[in-house]
Amino acid sequence: MRLKLFGILGALLVLTACESTPWDAASSSGMGAVSGAQGYGNGAGGPGGVGSGALGAGGAGGVGGAMNGRTNVPGGPGSQQDLAANVGDRVFFGYDQVDLTAEARATLDRQAQWLKQYGNVSVTIEGHSDERGTREYNLALGDRRASAAKNYLVARGISPNRVATLSYGKERPAIGASGEQAWSQNRRAVTMVN
């Protein structure tokens, strides 16, 4: 009976692997998910969703136990793709805000755990804003957002020498549209592996 069950599970894994698409930031992997929904992963799941199945699943707010249920992604362990797919590479902010939400802190906690696992990896946190406001104001706001994320990681035991910050202000929107849905995705700090 057990052998039959393992055979069925193995067949399901093969079928699931055949149906999945390559990792792509524009796919339904959760990248650029609806504001506040920072679930990332390969597989089924729309914006903010996490692919579930034999590889492990997380709730709508991220991957279950950052290091559990790790998916295979191009770039391998310790890469940008690994960070984005298995931990989450971005946090979002409210309008004109630099305070980290509970969801943002949870993502940064997973990032800190990931950075501890890959001690040779350094990152740059990019701060972004939505299109409203002047260029100068938004550059300063993006800088404060990137610094808030960096300070949180440093407080979680990550060496400040491993974390640089950079502000793009409103110059590199994730969503090139106007309106609250687009703006909520553009108000972000993104952790990029160097």
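Structure: see above.
This is a predicted model, so every value here is computed, not measured.

Chemist: Provide a residue-level description of unusual backbone geometry, including the pertinent values.
Modeler: Positive phi, normally seen in glycine, also occurs at Asp96, with a value near 60°. Within the fold, Asp96 resides in the loop between β1 (90–92) and α3 (102–117). On the accessibility criterion, Asp96 (34% relative accessible area) is partly exposed.

Chemist: An account of the nonpolar core is requested, with residue identities and associated values reported.
Modeler: Grouped together as the largest cluster of nonpolar side chains are 21 residues, with contacts concentrated most on Val91, Leu100, Leu108, Trp114, Leu115, Ile125 and Leu153. For this core, the secondary-structure elements that each account for two or more residues are α3, β2 (123–128) and α4 (135–155). The biggest single contributor to this core is α3, with 5 residues. Apart from residues no more than four positions distant in its own chain, Ile125 is found in contact with Ala146, Ala149, Lys150, Leu153, Val163, Ala164, Thr165, Leu166, Ala189, Val190 and Thr191.

Chemist: Explain the side chain of Arg162 to me, and be specific about the residues and the numbers.
Modeler: The topology assignment puts Arg162 in the loop between α4 and β3 (163–169). Asp82 is the oppositely charged side chain nearest to the buried, salt-bridge-free Arg162, at an N-O distance of 11 Å. A polar contact of 2.9 Å, which involves the side chain of Arg162, links it to the backbone oxygen of Leu115.

Chemist: How would you sum up α4? Please name residues and give values.
Modeler: Between its first and last C-alpha atoms α4 spans 30 Å; for 21 residues at 1.5 Å apiece the expected length is 30 Å, and the two agree. Turning to α4, its buried residues number three or more, namely Asn138, Leu141, Gly142, Arg145, Ala146, Ala148, Ala149, Tyr152 and Leu153. Around the axis of α4, the buried residues are gathered within 145° of arc, so they sit on the same side. In α4, those exposed residues whose orientation departs by more than 90 degrees from the buried face are Glu136 and Ala155. Gly157 occupies a position one or two residues after α4 and carries a positive phi of about 100°.

Chemist: So, the pairing of strand β4 (residues 188–193): which residues are in play, and what are the values?
Modeler: Taken together, the 3 bridges between β1 and β4 define a ladder with antiparallel strand orientation. If you follow Arg90 over to β4, its bridge partner there is Val190. Taken together, the 5 bridges between β2 and β4 define a ladder with antiparallel strand orientation. Pairing of Ile125 across the sheet is with Thr191, part of β4.

Chemist: So what's going on with the pattern of salt bridges? Residues and values would help.
Modeler: Under the counting rule described, the total for this entry stands at 6 salt bridges. Among the ionic pairs, Arg135 bridges to Glu171, the shortest N-O distance being 3.5 Å. Taken together, the residues span a long stretch of sequence, with Arg135 in helix α4 and Glu171 in the loop between β3 and α5 (180–186) at a distance of 36 residues. A network of salt bridges, in which partner residues are shared, links Asp130, Arg132, Glu180 and Arg187.

Chemist: Let's hear about the side chain of Ser79: which residues, and what values?
Modeler: Relative to the helices and strands, Ser79 resides in the loop between α1 (2–19) and α2 (80–86). A relative accessible area of 9% means that Ser79 is categorised as buried. With residues up to four places along the chain from it excluded, the contact list for Ser79 reads Pro74, Trp114 and Val193.

Rules behind the numbers
- Residues numbered from 1 in each chain as written.
- Predicted model: local features only at pLDDT ≥ 70, side-chain atom pairs only at ≥ 80, totals over all residues.
- Heavy atoms only, no water.
- Helix = DSSP H or I, 4+ residues; strand = E, 2+ residues; numbered from the N terminus.
- Buried < 20%, exposed > 50% of the residue type's maximum accessible area, 1.4 Å probe, protein only.
- Core = buried A, V, L, I, M, F, W, Y, C linked by side-chain atoms within 4.5 Å.
- Contact = heavy atoms within 4.5 Å.
- Lys, Arg positive; Asp, Glu negative; His and termini not counted.
- Salt bridge = Lys/Arg side-chain N within 4 Å of Asp/Glu carboxyl O.
- Polar contact = N/O pair within 3.5 Å; in protein donor to acceptor, adjacent residues only side chain to side chain.
- Expected span 1.5 Å × (residues − 1).
- Arc of directions from axis to C-beta.
- Pairing = 2+ DSSP bridges.

Functional significance is not addressed by these values, which are geometric in nature.
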